[in-house]
Amino acid sequence: MLWENLAPRKPQQYYIRLQRVAVGVTVAMALLLLRLAWMQLWMGKEYRSQAENNATRTVPWRAPRGLLLDRHLRVLVSNQPALSLGLTPAELLRRPEMVDPVIQRLASLTGLGAEEIHEKFVRQSKRPFAPARLSQDLDRAMLGRLEERRDQLPGMMVIADSKRVYPLPLAAHVLGYVGEISEKQLDAMEDQGYRMGDMVGQTGLEAVYDQVLKGEDGGRQVRIDAHGHELSVLAETQPRTGNSLVLTLDAALQQVAEDQMGRNAGAIVALDPRNGDVLAMVSKPDFQSSDFSGRVKHGVWSRLLQDERTPFTNRAIQGVYPPGSVFKVVTAAAALETGAVTPQWRAECYGIFYIANWPYRCWKETGHGAIAIEQAITESCDIYFYQAGLRTKVQALHDYSVRFGLGRKTGVDLPGEKAGLVPDAAWKENTQSMPWFPGNTIMMSIGQGYLQVTPLQMATVAAAIANGGTLWKPHLVSRVTSPEGELVSEVKPQKMGQVALSPETLRLIQRGMTKAVDERRGTAWRARVEGVSVAGKTGTIQNPPFADHAAFVAFAPVENPQIAIAVLVENAGSEGGVVAAPMAKAMLDAYFGK
Amino acid sequence: MRIWDSWRRFDLALFGTAMLLAVVGLVLVYSASHHSNALGHLVWKQLLWLAMGTLMLSFFFIVDYQSLVHGAYLFYGAVLLLLVLLVLFGRQSTGGSARWFNLGLFYVQPSELAKLALILAMTRWVSEHDREIKTFWGLLPPLGLMGLMMGLILKQPDLGTALVLFPVAFVILLVAGARLWHLGLILFMGLASTPLLWHFLKDYQRRRWISFIQPESDALGAGYNAIQSGIAIGSGGFFGKGFLQGTQSQLNFVPMHHTDFIFSVLAEEWGWLGCAVVLGLYLALLLQAVKISVSSKDLRGTLLGSGVVAMLTTQVIFNVGMTSGVLPVTGITLPLLSYGGSSVVTVMICLGILLNIRRESSGA
């Protein structure tokens, strides 16, 4: 017996139970030894030959990313096969003296830096049987050169991957692009199953929806011989294609908008005022998403990054501008709703208006005469709005701006959105240690001064005027579908807020905007569309010492709005009605099939 | 002097067996790390851990285990708090799960402490309620102690440690006299309710479970380790390839081969013979531990000893099982052989407690 000197005061059953434990432990150890005997003695030869010939290689099998489709299921982004250059540490390490020569040779053949190759090789050594991707998207010539020297390049392999293609080269900022995962991204996302060499969305929807789009990579464990030829497959995991995104964008409308903006710098946003669908979103200048799929050509980066016109900025959500006279609709709403002015109240416009001996001019030097709110919107009378703004006071202007969604992010599903700025007296006190002057209120009431809004926010304001005051959260994805096209999830329109506007206020603003387009004296007559009633508001933003920006917002049809548009053209050097309104007209023509 | 008296009752056989295993561990850690500049100093570090472990062992040899059991709930509570803090704040990308606290000088892995805390708390509860646990409902409080801790450890997620808690609790309860079929029924109900739990898991957590249950589905991750480790072990043959001669281990083909997969180095370089010697040493150690549990002067010592036996046995079975490809890869260390401070120190503390139980019983 294992134990002889039993303590006398313990009942017998503990010995029996512990004896069972002892037997259990012994049996367990014996079973483990048997298992090892089977592997090492019985199967030993088989394993030894695997270890000697060595053995295995992990061949990655990248999951194709999901597609991006427009609202009518036109393909905006898909994939095509591309070859990558891989280097498998375990295979190269079997001939340690070859490590440096192989890296040098690969560097001279591919034009990559030897340093860079070495670093990737070292980092991959954590998983030495899988290849490090040295270069993606090999061209035929280089592939030929590599294949020719295969014998001098142990560990080298060509991996069948895929890369992004853009059948319709549109909306670069919205779609974004994919690129190889950076070290920083890898550190942050390793938890979520990302690995070195993975392609991940870097900006735009590709980045925001990367988890949805990326699918799940597969791979094969294969046995290889000493020359690197594959002998048999030990294990295989099929990749799972990523899910697709059906966008709210209308590719045809987007095309028109991009053509209209042309070589200007600026942004256009079109929303569906009934639900917040983003129908078009343009920012120019832009870049070609295809420049970043696969190998980025030399000079592309530096050219884009050095461009003073910042082509990487998505001006629709990251460009902030004073809204100019477009803001008068907000001033009007605030003035009417707070009772600061009545619909009948008239301001006298003589072309110039003094406060504390400072002159403030109307854009129309001869003046508009006695003018009430509806006509003041139509003709964009500055002096009416100076006085209405002074009566409304800065706090109410601020509050109504915030209710219309200005000064905060809309929450659109894109990265890097700016909030803009809605000033009030406290803000100025805090940031500039200066009191708020009446002159500040005057500038604010016509959308100049400290106010900063994005084109997307302007479009949201236009949509809210169109639909009776509802702020829908703008969104670009309407649903997620499986690779087979089945519905995975649907994006429900989300309300961000509701501006309480009386029917009277709405009617006055909408009529003022409609007449701005329809009337001979209206500022926006260039946006007229035959057979469709259009409401619009122009804006010209002083930008000293540079040329003025031109702005325009519109919605149509007035009685049953389906589309709201905001246009901003930087340094247009002319009025919103001249430069921006025709762009919106072209889009409305296209949208209503004229 | 009393302290001198107690050292005369120091069980040299148990300590000696453990030290033999520790020496084997040092040899293997050297073999697994000598070629790498980054890992070259691991043997010295491991030696440092062993020294620190021996200090802890001496401490727990001297301090009466009665007072340990007395303070068990406090300790249990403290570890529980640590685990909660870890879940809340410890998000780090160390292997994808938050298991470590950085204390500046070194890391502390609370789930190692959890095993100890559970053994002590279970011992206290069960020894004070040894009649109640013979009923079905009486089992629920001690199993609650286990479940709470296990839940928090699973949240990290550290499947390996969570799985070790199971046998520890069950063996303590069985030795104390719980009915086998009661425990079986509870185990069955636990398994039956897993589909419900599945519902609450996040996507990446589910994936981790799937690759845990079905490693072939992850040929690039866990399955890869198992394949490589299998080749290393199998190619060792009867005598092994010799010290520093294991190609699989030397070329870094088996990942984590100085920690979780250290056994594959042993099997490749020292063959079946080496494995038999090491498993024999483990068996000797464990049987001595069982003997100490039996001859303890009271129920507390018996239960404490059984818990330690269960913990060490489970770790050996799980670790060797996973390196040799019969059990899923879960990240369990091999006691005294695997490189790593938390693991070494925990095992040494357990041995100290065993020596303490032995001292008390031989003094009677």
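Keep in mind that what you see is a predicted model, and the values were worked out from it rather than measured.

So, the overall build of chain B
Here is step 1: Within chain B, the secondary structure is distributed over 16 helices and two strands.
Here is step 2: When burial is assessed residue by residue, chain B has 53% of its 364 residues classed as buried.
Here is step 3: Contacts in chain B between residues at least 24 apart in sequence constitute 72% of all its contacts with a sequence separation of at least 6.

Side note on the overall build of chain A
Here is step 1: Across its full length, chain A holds 22 helices and 23 strands.
Here is step 2: When burial is assessed residue by residue, chain A has 49% of its 594 residues classed as buried.
Here is step 3: Long-range pairs, those at least 24 residues apart, make up 73% of the contacts in chain A with a sequence separation of at least 6.

Observations concerning the confidence of the model for chain A
Here is step 1: Confidence in the prediction of chain A, expressed as mean pLDDT, is 89, and 96% of residues score 70 or more.
Here is step 2: Counting contacts from residues 1-9 of chain A, a segment whose pLDDT is below 50, to residues more than four positions away or on other chains yields 13 contacts.

Things to note about the packing of helix 14 (residues 262-294) of chain B against helix 15 (residues 299-323) of chain B
Residue and element names in this part refer to chain B.
Here is step 1: Two elements in contact, helix 14 and helix 15, have axes whose closest approach is 9 Å; the angle formed by their N-to-C orientations is 165 degrees. Of the possible angle classes, the one that applies to helix 14 and helix 15 is roughly antiparallel. Seen along the crossing, helix 14 lies across helix 15 with a hand that is left-handed. Side by side, helix 14 and helix 15 meet where Phe-263, Ser-264, Tyr-282, Leu-286, Ala-289, Val-290, Ile-292, Ser-293 and Val-294 of the first sit next to Gly-301, Thr-302, Gly-305, Ser-306, Val-308, Val-309, Leu-312, Thr-313, Val-316, Asn-319, Val-320 and Thr-323 of the second.
Here is step 2: Counted by class, the contact of helix 14 with helix 15 contains 12 nonpolar, nine polar and no charged residues.

Re the environment of Lys-428 of chain A
Residue and element names in this part refer to chain A.
Here is step 1: With respect to the element layout, Lys-428 can be found in helix 18 (residues 425-432).
Here is step 2: Placed 22 residues apart in sequence, Lys-428 and Tyr-450 show a C-alpha to C-alpha distance of 9.3 Å.
Here is step 3: Setting aside chain neighbours within four positions, we find Lys-428 in contact with Pro-423, Met-434, Trp-436 and Asn-440.

Regarding the sheet that holds strand 12 (residues 278-284) of chain A
All names here are of chain A.
Here is step 1: Spatial ordering of the open sheet is given by 12-11-23-22-21, a layout of five strands whose pairing is antiparallel. Looking along the sheet, the strands with just one partner apiece sit at the ends: strand 12 and strand 21 (535-543). Sheet twist, expressed as the mean angle between neighbouring strand axes with direction ignored, is 5 degrees.
Here is step 2: In terms of strand pairing, strand 11 (residues 266-271) meets strand 23 (residues 563-569) through six bridges, oriented antiparallel. Across the sheet, residue Ala-270 finds its bridge partner in strand 23, namely Ile-565.
Here is step 3: Its contacts with the sheet put helix 20 (residues 455-467) on strand 11, strand 22 (546-556) and strand 23, and the angle it makes with strand 23 is roughly 145 degrees.

Considerations on helix 19 (residues 438-445) of chain A
Residues and elements named next belong to chain A.
Here is step 1: Counting buried residues along helix 19, six of its eight residues qualify, which places the element largely inside the surrounding structure.
Here is step 2: Each element contacted by the buried residues of helix 19 is listed here: helix 14 (328-337), strand 14 (352-355), strand 15 (358-361), helix 16 (382-392), helix 17 (394-403) and helix 18.
Here is step 3: In the segment just after helix 19, Gly-447 is the residue with positive phi, at about 75 degrees.

Details of unusual backbone geometry
Residues and elements named next belong to chain A.
Here is step 1: Omega for the bond connecting Pro-544 with Pro-545 falls within 30 degrees of zero, at 5 degrees, which places this linkage in the cis form.
Here is step 2: The phi dihedral of Leu-73 falls on the positive side, at around 65 degrees, and the residue is not glycine.
Here is step 3: Tracing the chain through its elements places Leu-73 in the loop between strand 2 (68-69) and strand 3 (75-87).
Here is step 4: Unusually for a residue other than glycine, Lys-393 sits at a positive phi of about 80 degrees.

Description of the packing of helix 6 (residues 110-128) of chain B against helix 8 (residues 159-176) of chain B
All names here are of chain B.
Here is step 1: One can describe the packing of helix 6 onto helix 8 by two numbers: an axis separation of 10 Å at closest approach and a directional angle of 20 degrees. With respect to helix 8, the axis of helix 6 lies roughly parallel. The interaxial crossing formed by helix 6 with helix 8 has right-handed handedness. Counting all contacts with helix 6, which are made through Ser-111, Ala-114, Lys-115, Leu-118, Ile-119, Met-122, Thr-123 and Val-126, the residues of helix 8 involved are Thr-161, Val-164, Leu-165, Val-168, Ala-169, Ile-172, Leu-173 and Ala-176.
Here is step 2: Grouping the amino acids of the contact of helix 6 with helix 8 by side-chain chemistry returns 12 nonpolar, three polar and one charged.

Side note on the nonpolar core
Here is step 1: Residues Ala-462 and Ile-565 of chain A are the most contacted members of the largest nonpolar core, which totals 123 residues.
Here is step 2: Looking at which element gives the most residues to this core, the answer is helix 20 of chain A, with nine residues.
Here is step 3: Core analysis: the next-biggest nonpolar cluster, separate from the first, contains 119 residues, Leu-36 of chain A together with Ala-72, Leu-120 and Val-344 of chain B among them.

Reading guide: rules and limits
- Residues take numbers from 1 onward in each chain, read along the sequence in its written order.
- Key to labels: chains lettered from A, ligands numbered from 1, both in the order written.
- Given that this is a predicted model, residues contribute local features only at a pLDDT of at least 70 and side-chain atom pairs are listed and counted only at 80 or more, while totals for whole chains, interfaces and linings are drawn from all residues.
- The helix count covers DSSP runs of H or I at least four residues long, the strand count covers runs of E at least two residues long, and both are numbered beginning at the N terminus.
- Between the buried cut of 20 or more and the exposed cut of 12 or fewer other C-beta atoms within 10 Å of a residue's own C-beta lies the partly exposed class, and all C-beta atoms are placed from the backbone.
- This entry defines residue contacts through backbone-placed C-beta atoms, with two residues in contact when those atoms are within 7 Å.
- The predictor attaches a confidence to each residue, and that confidence, scored 0 to 100, is pLDDT.
- Throughout, an axis means a line fitted to C-alpha atoms (over the contacting stretch in the case of helices), and angles, computed between N-to-C directions, take values from 0 to 180 degrees.
- An angle below 35 degrees is treated as roughly parallel, one above 145 as roughly antiparallel, one from 65 to 115 as roughly perpendicular, and anything else as oblique.
- Note on convention: near helix rotated counterclockwise from far helix by under a right angle means a left-handed crossing. Clockwise means right-handed.
- Gly is put with the polar residues, along with every residue not named as nonpolar or charged; the nonpolar set is Ala, Val, Leu, Ile, Met, Phe, Trp, Tyr, Cys and Pro, and the charged set is Asp, Glu, Lys and Arg.
- DSSP bridges decide pairing: two strands pair if at least two such bridges lie between them.
- Under the definition applied here, buried Ala, Val, Leu, Ile, Met, Phe, Trp, Tyr and Cys residues are grouped into a nonpolar core through C-beta atoms within 7 Å.

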